[in-house]
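A structural walkthrough
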Amino acid sequence: MKPVLVIHGGAGSKIRSLEQHRELTRSLESILNLAYPILLKGGSSLEAVHRAVMALEDDSLYNAGKGSKIQSDGQIRMSASIMDGKRRRFAGCMNVEDLKNPIRLARALLNEPDRVLSGEGARQMAKKLKLPLASPFTDHQIAAYKARRRGKSGTVGAVAVDTQGRLAAATSTGGRGFEFPFRVSDSPTIAGNFANRHCAVSATGHGEQIVECAVASTICRQIESGARLETAVAKLLKDARREGGDFGLIAVDRRGHICTSTNTACLIWASADQSGYSYFR
Ligand code: GLY
(Lines give C-alpha, C1' and ligand atoms only; values in the text may rest on other atoms or scores of the structure.)
Protein backbone atom coordinates (compact mmCIF):
# COMPACT_ATOMS: atom_id res chain seq x y z
CA MET A 1 0.00 0.00 0.00
CA LYS A 2 0.96 3.65 -0.44
CA PRO A 3 2.41 4.99 2.81
CA VAL A 4 1.01 7.98 4.71
CA LEU A 5 2.68 10.41 7.11
CA VAL A 6 0.91 13.10 9.16
CA ILE A 7 2.78 15.53 11.42
CA HIS A 8 1.63 18.28 13.79
CA GLY A 9 3.16 21.26 15.53
CA GLY A 10 0.57 21.83 18.25
CA ALA A 11 -2.95 23.15 18.74
CA GLY A 12 -4.00 26.50 20.13
CA SER A 13 -4.94 29.99 19.12
CA LYS A 14 -5.36 31.28 15.57
CA ILE A 15 -2.26 31.88 13.45
CA ARG A 16 -1.64 35.63 13.62
CA SER A 17 -0.54 36.43 10.08
CA LEU A 18 0.00 35.10 6.57
CA GLU A 19 3.75 35.37 7.19
CA GLN A 20 3.51 33.15 10.29
CA HIS A 21 1.44 30.63 8.30
CA ARG A 22 4.09 30.64 5.54
CA GLU A 23 6.90 30.14 8.05
CA LEU A 24 5.11 27.16 9.60
CA THR A 25 4.21 25.52 6.27
CA ARG A 26 7.81 25.96 5.04
CA SER A 27 9.02 24.21 8.18
CA LEU A 28 6.41 21.44 7.93
CA GLU A 29 7.26 20.90 4.25
CA SER A 30 10.96 20.50 5.01
CA ILE A 31 10.10 17.93 7.71
CA LEU A 32 7.86 15.97 5.29
CA ASN A 33 10.70 16.11 2.73
CA LEU A 34 12.97 14.52 5.31
CA ALA A 35 10.67 11.86 6.74
CA TYR A 36 8.25 10.82 3.96
CA PRO A 37 10.99 9.41 1.66
CA ILE A 38 11.79 6.91 4.46
CA LEU A 39 8.33 5.44 3.87
CA LEU A 40 8.54 5.69 0.06
CA LYS A 41 11.76 3.67 0.16
CA GLY A 42 10.01 0.93 2.16
CA GLY A 43 11.23 2.04 5.60
CA SER A 44 9.14 1.51 8.72
CA SER A 45 6.46 3.83 10.08
CA LEU A 46 8.38 3.73 13.37
CA GLU A 47 11.49 5.19 11.72
CA ALA A 48 9.45 7.82 9.85
CA VAL A 49 7.63 9.15 12.95
CA HIS A 50 10.90 9.10 14.91
CA ARG A 51 12.73 11.17 12.27
CA ALA A 52 9.79 13.55 11.85
CA VAL A 53 9.53 14.26 15.57
CA MET A 54 13.32 14.68 15.87
CA ALA A 55 13.14 17.37 13.18
CA LEU A 56 10.18 19.04 14.90
CA GLU A 57 12.15 19.02 18.19
CA ASP A 58 15.12 20.64 16.42
CA ASP A 59 13.02 23.53 15.11
CA SER A 60 12.55 26.22 17.77
CA LEU A 61 9.23 27.23 16.15
CA TYR A 62 7.63 24.43 18.18
CA ASN A 63 7.28 23.69 21.88
CA ALA A 64 9.38 20.51 22.03
CA GLY A 65 13.13 19.95 22.22
CA LYS A 66 14.77 23.29 21.31
CA GLY A 67 12.21 26.00 22.04
CA SER A 68 10.45 24.12 24.86
CA LYS A 69 8.50 26.15 27.39
CA ILE A 70 9.96 26.82 30.86
CA GLN A 71 8.40 25.47 34.08
CA SER A 72 7.66 27.81 37.01
CA ASP A 73 10.99 27.08 38.75
CA GLY A 74 12.96 28.21 35.67
CA GLN A 75 13.82 24.72 34.39
CA ILE A 76 12.83 23.12 31.09
CA ARG A 77 11.66 19.53 31.45
CA MET A 78 10.65 17.69 28.31
CA SER A 79 8.62 14.57 27.69
CA ALA A 80 8.20 12.28 24.68
CA SER A 81 6.84 8.88 23.73
CA ILE A 82 6.66 6.52 20.78
CA MET A 83 4.48 3.50 20.05
CA ASP A 84 5.00 0.67 17.59
CA GLY A 85 1.48 -0.43 16.61
CA LYS A 86 2.50 -3.81 15.21
CA ARG A 87 4.26 -4.88 18.40
CA ARG A 88 1.86 -2.82 20.58
CA ARG A 89 4.93 -1.54 22.31
CA PHE A 90 5.08 1.85 24.05
CA ALA A 91 8.11 3.72 25.47
CA GLY A 92 8.57 7.21 26.82
CA CYS A 93 10.46 9.65 28.98
CA MET A 94 9.00 12.23 31.35
CA ASN A 95 10.50 15.52 32.55
CA VAL A 96 13.97 15.02 31.17
CA GLU A 97 16.39 17.98 31.15
CA ASP A 98 19.07 19.09 28.68
CA LEU A 99 18.52 16.31 26.17
CA LYS A 100 18.72 17.42 22.52
CA ASN A 101 16.05 14.96 21.33
CA PRO A 102 13.77 13.38 23.96
CA ILE A 103 12.16 11.28 21.19
CA ARG A 104 15.52 9.54 20.61
CA LEU A 105 15.49 8.40 24.21
CA ALA A 106 11.89 7.17 23.88
CA ARG A 107 12.85 5.24 20.72
CA ALA A 108 15.85 3.66 22.43
CA LEU A 109 13.68 2.65 25.40
CA LEU A 110 11.38 0.65 23.07
CA ASN A 111 13.95 -2.14 23.23
CA GLU A 112 14.47 -2.02 27.01
CA PRO A 113 12.66 -3.97 29.72
CA ASP A 114 11.98 -0.67 31.61
CA ARG A 115 10.33 1.44 28.94
CA VAL A 116 9.00 4.58 30.65
CA LEU A 117 11.60 6.55 32.62
CA SER A 118 11.34 9.90 34.35
CA GLY A 119 13.61 12.73 35.53
CA GLU A 120 17.03 11.69 36.74
CA GLY A 121 16.56 8.06 35.63
CA ALA A 122 15.77 9.20 32.09
CA ARG A 123 18.84 11.43 32.15
CA GLN A 124 21.07 8.60 33.36
CA MET A 125 19.79 6.32 30.61
CA ALA A 126 20.37 9.05 27.98
CA LYS A 127 23.93 9.38 29.27
CA LYS A 128 24.46 5.62 29.13
CA LEU A 129 23.19 5.59 25.54
CA LYS A 130 25.45 8.57 24.74
CA LEU A 131 22.54 10.60 23.36
CA PRO A 132 23.49 14.22 22.58
CA LEU A 133 22.80 16.85 25.24
CA ALA A 134 21.81 20.44 24.39
CA SER A 135 20.26 23.40 26.14
CA PRO A 136 16.65 23.79 24.91
CA PHE A 137 16.40 27.44 26.14
CA THR A 138 15.56 30.09 23.52
CA ASP A 139 15.25 33.87 23.90
CA HIS A 140 11.58 33.64 22.97
CA GLN A 141 10.76 31.21 25.78
CA ILE A 142 12.95 33.08 28.30
CA ALA A 143 10.90 36.22 27.57
CA ALA A 144 7.64 34.23 28.01
CA TYR A 145 8.96 32.90 31.34
CA LYS A 146 9.90 36.39 32.55
CA ALA A 147 6.37 37.52 31.66
CA ARG A 148 5.12 34.51 33.72
CA ARG A 149 3.11 33.39 30.70
CA ARG A 150 1.25 30.18 31.46
CA GLY A 151 0.48 28.45 28.17
CA LYS A 152 -2.33 26.08 27.34
CA SER A 153 -0.77 23.71 24.89
CA GLY A 154 2.24 22.90 22.79
CA THR A 155 3.28 19.58 21.44
CA VAL A 156 4.64 18.05 18.28
CA GLY A 157 3.78 14.66 16.89
CA ALA A 158 3.66 12.29 13.94
CA VAL A 159 1.63 9.27 12.88
CA ALA A 160 2.33 7.00 9.92
CA VAL A 161 1.37 3.84 8.10
CA ASP A 162 4.10 2.20 5.99
CA THR A 163 3.99 0.08 2.80
CA GLN A 164 3.49 -3.04 4.93
CA GLY A 165 0.51 -1.51 6.75
CA ARG A 166 2.39 -1.06 10.03
CA LEU A 167 1.31 1.91 12.15
CA ALA A 168 3.31 4.08 14.57
CA ALA A 169 2.86 7.26 16.60
CA ALA A 170 5.36 9.63 18.25
CA THR A 171 4.74 12.73 20.39
CA SER A 172 7.02 15.21 22.19
CA THR A 173 6.42 18.30 24.33
CA GLY A 174 7.98 21.04 26.39
CA GLY A 175 4.80 21.25 28.50
CA ARG A 176 2.47 24.18 29.19
CA GLY A 177 4.85 26.85 30.34
CA PHE A 178 5.07 28.18 33.90
CA GLU A 179 3.49 24.99 35.24
CA PHE A 180 4.22 23.45 38.65
CA PRO A 181 7.67 21.82 38.46
CA PHE A 182 7.63 18.20 37.26
CA ARG A 183 4.02 18.33 36.01
CA VAL A 184 3.49 15.34 33.74
CA SER A 185 1.64 16.09 30.51
CA ASP A 186 -0.31 13.67 28.33
CA SER A 187 2.45 13.33 25.74
CA PRO A 188 4.40 10.51 27.43
CA THR A 189 1.17 8.57 28.16
CA ILE A 190 -1.18 6.43 26.06
CA ALA A 191 -3.73 9.27 26.25
CA GLY A 192 -1.45 11.50 24.20
CA ASN A 193 0.20 8.90 21.99
CA PHE A 194 -1.02 5.46 20.93
CA ALA A 195 -0.85 3.02 18.03
CA ASN A 196 -2.13 -0.51 17.44
CA ARG A 197 -2.58 -2.62 14.29
CA HIS A 198 -5.60 -0.51 13.25
CA CYS A 199 -4.84 3.13 14.00
CA ALA A 200 -2.21 5.60 15.25
CA VAL A 201 -3.02 8.86 17.10
CA SER A 202 -0.99 11.79 18.44
CA ALA A 203 -2.90 14.33 20.56
CA THR A 204 -2.07 17.94 21.34
CA GLY A 205 -3.56 20.64 23.55
CA HIS A 206 -4.59 20.75 27.19
CA GLY A 207 -2.75 17.76 28.68
CA GLU A 208 -4.97 17.18 31.71
CA GLN A 209 -8.09 17.04 29.51
CA ILE A 210 -6.39 14.70 27.03
CA VAL A 211 -5.60 12.34 29.93
CA GLU A 212 -9.14 12.61 31.31
CA CYS A 213 -10.57 11.64 27.89
CA ALA A 214 -7.88 8.95 27.31
CA VAL A 215 -7.86 10.37 23.79
CA ALA A 216 -5.35 8.39 21.71
CA SER A 217 -5.89 4.93 23.22
CA THR A 218 -9.69 5.31 23.17
CA ILE A 219 -9.77 6.18 19.47
CA CYS A 220 -7.38 3.37 18.50
CA ARG A 221 -9.41 0.80 20.45
CA GLN A 222 -12.64 2.01 18.83
CA ILE A 223 -11.12 1.62 15.36
CA GLU A 224 -9.99 -1.86 16.38
CA SER A 225 -13.62 -2.62 17.30
CA GLY A 226 -14.78 -1.58 13.83
CA ALA A 227 -15.59 2.13 14.16
CA ARG A 228 -14.81 4.52 11.30
CA LEU A 229 -11.96 6.93 12.02
CA GLU A 230 -13.89 10.12 11.22
CA THR A 231 -16.84 8.98 13.34
CA ALA A 232 -14.76 7.99 16.37
CA VAL A 233 -12.78 11.25 16.33
CA ALA A 234 -15.88 13.43 15.81
CA LYS A 235 -17.69 11.76 18.72
CA LEU A 236 -14.78 12.03 21.11
CA LEU A 237 -14.19 15.70 20.30
CA LYS A 238 -17.92 16.49 20.51
CA ASP A 239 -18.21 14.84 23.94
CA ALA A 240 -15.05 16.67 25.09
CA ARG A 241 -16.36 20.02 23.80
CA ARG A 242 -19.34 19.77 26.14
CA GLU A 243 -16.86 19.76 29.04
CA GLY A 244 -14.72 22.55 27.57
CA GLY A 245 -12.25 20.17 25.88
CA ASP A 246 -9.37 22.19 24.54
CA PHE A 247 -7.36 19.79 22.38
CA GLY A 248 -6.93 18.25 18.95
CA LEU A 249 -5.29 15.28 17.30
CA ILE A 250 -3.90 13.73 14.15
CA ALA A 251 -4.68 10.13 13.23
CA VAL A 252 -4.21 7.59 10.47
CA ASP A 253 -5.77 4.14 10.09
CA ARG A 254 -4.29 1.05 8.47
CA ARG A 255 -5.96 1.81 5.14
CA GLY A 256 -4.28 5.21 5.07
CA HIS A 257 -7.32 7.32 5.96
CA ILE A 258 -6.20 10.54 7.63
CA CYS A 259 -8.06 12.56 10.26
CA THR A 260 -6.91 15.91 11.67
CA SER A 261 -9.34 17.62 14.00
CA THR A 262 -9.39 20.02 16.93
CA ASN A 263 -11.60 21.80 19.44
CA THR A 264 -9.11 24.69 19.51
CA ALA A 265 -8.97 27.62 17.08
CA CYS A 266 -6.10 26.07 15.14
CA LEU A 267 -4.22 22.79 14.70
CA ILE A 268 -0.87 23.06 12.91
CA TRP A 269 -0.49 19.96 10.71
CA ALA A 270 0.72 18.64 7.38
CA SER A 271 0.38 15.29 5.63
CA ALA A 272 1.98 13.34 2.81
CA ASP A 273 0.24 10.58 0.85
CA GLN A 274 -0.24 9.41 -2.74
CA SER A 275 -1.98 12.67 -3.65
CA GLY A 276 0.93 14.82 -2.44
CA TYR A 277 1.34 17.15 0.52
CA SER A 278 -1.55 18.89 2.36
CA TYR A 279 -1.41 21.57 5.05
CA PHE A 280 -3.54 23.16 7.75
CA ARG A 281 -5.32 26.40 6.83
N1 GLY B 1 -0.18 18.48 25.56
C2 GLY B 1 0.94 19.06 26.16
C3 GLY B 1 0.73 19.48 27.55
O4 GLY B 1 -0.34 19.64 28.05
O5 GLY B 1 1.72 19.67 28.21
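Note that the structure is a prediction, hence the values are computed from the model and not measured.

Here we look at the nonpolar core
Residues L5, I7, L105 and I219 are the most contacted members of the largest nonpolar core, which totals 85 residues. Not counting residues within four places of it along the chain, the set of residues in contact with L5 comprises L32, A35, Y36, L39, V49, A158, V159, A160, A270, S271 and A272.

Here we look at the sheet that holds strand β10 (residues 258–262)
If you trace the four strands from one edge of the open sheet to the other, you get β7-β8-β9-β10, paired in antiparallel fashion. If you trace the sheet from one side to the other, it starts and ends with β7 (193–195) and β10, each paired once. Neighbour-to-neighbour, the strand axes of this sheet turn through a mean angle of 10 degrees, independent of strand direction. Direction of pairing for strand β8 (residues 199–205) relative to strand β9 (residues 247–253): antiparallel, over a ladder of seven bridges. Looking at the pairing, V201 lines up with A251 of β9. Packing of helix α7 (residues 215–224) onto the sheet brings it into contact with β7, β8 and β9, and relative to β8 it is tilted by some 155 degrees. Contacts from helix α8 (residues 229–242) reach β8, β9 and β10, with the element oriented near 10 degrees to β10.

A closer look at the sheet that holds strand β2 (residues 78–84)
Strand order in the open sheet made by the eight strands is β4-β3-β2-β6-β5-β1-β11-β12, with mixed pairing throughout. The open sheet has two edge strands, β4 (116–118) and β12 (276–279), and neither has a second partner. Sheet twist, expressed as the average angle between the axes of neighbouring strands with direction ignored, equals 5 degrees. Here three bridges tie strand β3 (residues 89–96) to β4, and the two strands are oriented parallel to one another. Paired with G92 across the two strands is V116, which belongs to β4. This element, helix α3 (residues 102–109), spans β2, β3, β4 and β6 (167–173) of the sheet and lies at about 40 degrees to β2. Running over the sheet, helix α4 (residues 119–128) touches β3 and β4 and is turned about 110 degrees from β4.

Here is what the cut-offs are and how they apply
Residues numbered from 1 in each chain as written. Predicted model: local features only at pLDDT ≥ 70, side-chain atom pairs only at ≥ 80, totals over all residues. Heavy atoms only, no water. Core = buried A, V, L, I, M, F, W, Y, C linked by side-chain atoms within 4.5 Å. Buried < 20%, exposed > 50% of the residue type's maximum accessible area, 1.4 Å probe, protein only. Contact = heavy atoms within 4.5 Å. Pairing = 2+ DSSP bridges. Helix = DSSP H or I, 4+ residues; strand = E, 2+ residues; numbered from the N terminus. Axes fitted to C-alpha atoms, helices over the stretch in contact; angles between N-to-C directions.

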